[in-house]
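These are the residues of each chain, in order.
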Amino acid sequence: MGVGQSLGLPQGSGPHQVGCTDVMADHTREGSFFRLYYPCKPEEGVEEHPPWIPKYEYVVGMADYMSLNKRWCVPLLNLAFGSFRVPVSWNAPVIPGRRFPLIIFSHGLGAFRTLYSAVCLAMASHGFLVAAVEHRDQSACATYHYQKGPPESPHDPLHEEWVHYRRLEQGEKEFKLRNCQVHQRVEECVRALDLLSDINSGKSVPDTLQCHFDLASLKDCVDLQQVGVMGHSFGGATSLVALVKDARFRCAVALDAWMFPIENELYPQVRRPVFFINTESFQTTDSVDKMSRLLAACSPSRIITVLGTVHKNHTDFAFLTGALLSRFVETRGRLEAEKALEITTRAALAFLHRHLDLEANFDQWDALVEGKGDDDVIPNAPSCLSSL
């Protein structure tokens, strides 16, 4: 953040005002749960901006994921982050009479559906529907679904059932766990796409959360010929596997993808374009080699590196932590968070323009896809890679 700037999430950089709502269809763990960002109609009067942390249990989950003392650190985390709001219009009506391209977004390890609000609302402000899935594979710091009451009390209301982050057990192989999780994550991304396809066709979908957003208003608003998948870290790996599992995903944007969970046998099957937007300090030689194999198999794929950035630059923490805390947990690099988001958004838009056949003029940023046009971007990987 610049000197003297207050902490908070930035407004979307595109021409559209952004609305958002939460969607949970089927109250069980096997249902679909995501936050939907979308271009909305400007509203008169006072807008409702949703809290960045939807429920207190997510603060507990963050402390647990970071192995912090819950007694002391949960109140401190809540004090630090609990008052932030997302600069979107909660449950505002979607712009009618238009079809919008769709992005399914997958979060990283230990995250949850609202932790990438900055990049998701930025994409929505440029005319995308963005469904940020909250994964229930125990890779989120916390998530929830609902359960019915006992059979003897059939009229009891549904109650929350929380799913917590799962740590590796002693002697357990991490690849086995993460590989299983990445495939469940893909299933959840596909379920979100299926649900939005049903809504788009006019099928009635029950609103478990009762958010007072009219899902029927999304009928004929989704352009199902222009669907991409996007994700950060573990979500980046999820986006790659999704390309193999469902042909409706035409391309992927992988933000600092964590390549470890993907089995080697899957790489030759990735035949659709992938755009790797890497930070300067996270990737290893092995990971970049795997990315390069994908580029060799699919020539439209690209790798760029945004200089002066760290792994958490793609998360909202880059905007919500002060200088002292940022140094302690490395939430952003030397490049201004706003500039890093601008590069990421513009590069992603230009890549999606190429491969989703979009009508907007996002090709004005084509040079970024090639790692050119800005001194803070280079093609491929930096010469010095992480030793992780």
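Keep in mind that what you see is a predicted model, and the values were worked out from it rather than measured. (Residues numbered from 1 in each chain as written. Predicted model: local features only at pLDDT ≥ 70, side-chain atom pairs only at ≥ 80, totals over all residues. Heavy atoms only, no water.)

Participant: Looking at this model, I keep getting lost on the side chain of Asp-256. Mind explaining?
Facilitator: By the element assignment, Asp-256 lies in the loop between strand 9 (251-255) and strand 10 (274-279). Buried within the structure, Asp-256 lacks any salt-bridge partner; Lys-312 is the closest side chain of opposite charge, at an N-O distance of 9.9 Å. Non-local contacts of Asp-256, meaning those with residues more than four positions away in its chain, are made with His-232, Ser-233, Ile-277, Asn-278, Thr-279, Phe-282, Gln-283, His-311 and His-314. (Helix = DSSP H or I, 4+ residues; strand = E, 2+ residues; numbered from the N terminus. Buried < 20%, exposed > 50% of the residue type's maximum accessible area, 1.4 Å probe, protein only. Lys, Arg positive; Asp, Glu negative; His and termini not counted. Salt bridge = Lys/Arg side-chain N within 4 Å of Asp/Glu carboxyl O. Contact = heavy atoms within 4.5 Å.)

Participant: What am I meant to see in the packing of helix 4 (residues 174-200) against helix 5 (residues 234-245) here?
Facilitator: For any two helices packed against each other, one specifies the inter-axial angle together with the distance between the axes. Contact geometry of helix 4 with helix 5 gives a least axis separation of 9 Å together with a crossing angle of 65°. Both helix 4 and helix 5 take part in a crossing whose hand is right-handed. In this structure, helix 4 contributes Arg-178, Gln-181, Val-182, His-183, Arg-185, Val-186 and Cys-189 to the contact, and helix 5 contributes Phe-234, Gly-235, Ala-237, Thr-238, Val-241, Ala-242 and Lys-245. Classifying every residue of the contact of helix 4 with helix 5 gives seven nonpolar, four polar and three charged. (Axes fitted to C-alpha atoms, helices over the stretch in contact; angles between N-to-C directions. Left-handed = near helix turned anticlockwise from the far one by under 90°. Nonpolar A, V, L, I, M, F, W, Y, C, P; charged D, E, K, R; others polar.)

Participant: What exactly am I supposed to notice about the packing of aromatic side chains here?
Facilitator: Any two aromatic rings considered together are summarised by their centre-to-centre distance and by the angle between their planes. Overall, the coordinates contain 19 aromatic pairs when judged by the stated rule. Ring centres of Phe-33 and Tyr-144 lie 5.3 Å apart, and the angle between their planes is 70°; this geometry places the pair in the edge-to-face category. Of this pair, Phe-33 sits in strand 2 (residues 32-39) while Tyr-144 sits in strand 6 (residues 142-147), placing them 111 residues apart in sequence. Considering the side-chain rings of Tyr-144 and Trp-162, the 4.8 Å spacing of their centres and the 35° angle between planes classify their relative orientation as tilted. A residue pair is termed long-range when its members are at least 10 positions apart, and Tyr-144 in strand 6 and Trp-162 in strand 7 (residues 159-164) qualify at 18 residues. Trp-162 shares its class with Tyr-144; the two are buried. (Phe/Tyr/Trp six-rings, centres within 6.5 Å; stacked < 30°, edge-to-face > 60°.)

Participant: Can you walk me through the nonpolar core in this structure?
Facilitator: What tends to happen in soluble globular proteins is that the nonpolar side chains get buried as a cluster. Ranked by internal contacts, the top residues of the largest apolar core, which has 71 residues, are Tyr-37, Trp-52 and Phe-128. In terms of residues, this core owes the most to one element, helix 9 (residues 337-356), which gives eleven residues. If sequence neighbours within four positions are ignored, Trp-52 has contacts with Leu-9, Phe-81, Phe-84, Arg-85, Val-86, Phe-112, Thr-114, Leu-115, Ser-117, Asp-316, Phe-317 and Leu-320. In this structure, Tyr-38, Phe-213, Val-227 and Ala-252 belong to the second largest nonpolar core, which totals 55 residues. (Core = buried A, V, L, I, M, F, W, Y, C linked by side-chain atoms within 4.5 Å.)

Participant: Can you help me understand unusual backbone geometry in this one?
Facilitator: Among all residues save glycine, negative phi is the norm, and among peptide bonds the norm is trans. Although it is not a glycine, Asp-256 sits at a positive phi angle of roughly 50°. Taking relative accessible area as the criterion, Asp-256 reaches 0% and is therefore assigned buried. Non-glycine residue Asn-380 carries a positive phi angle of around 65°. Here Asn-380 shows up in the segment after strand 12 (377-379).

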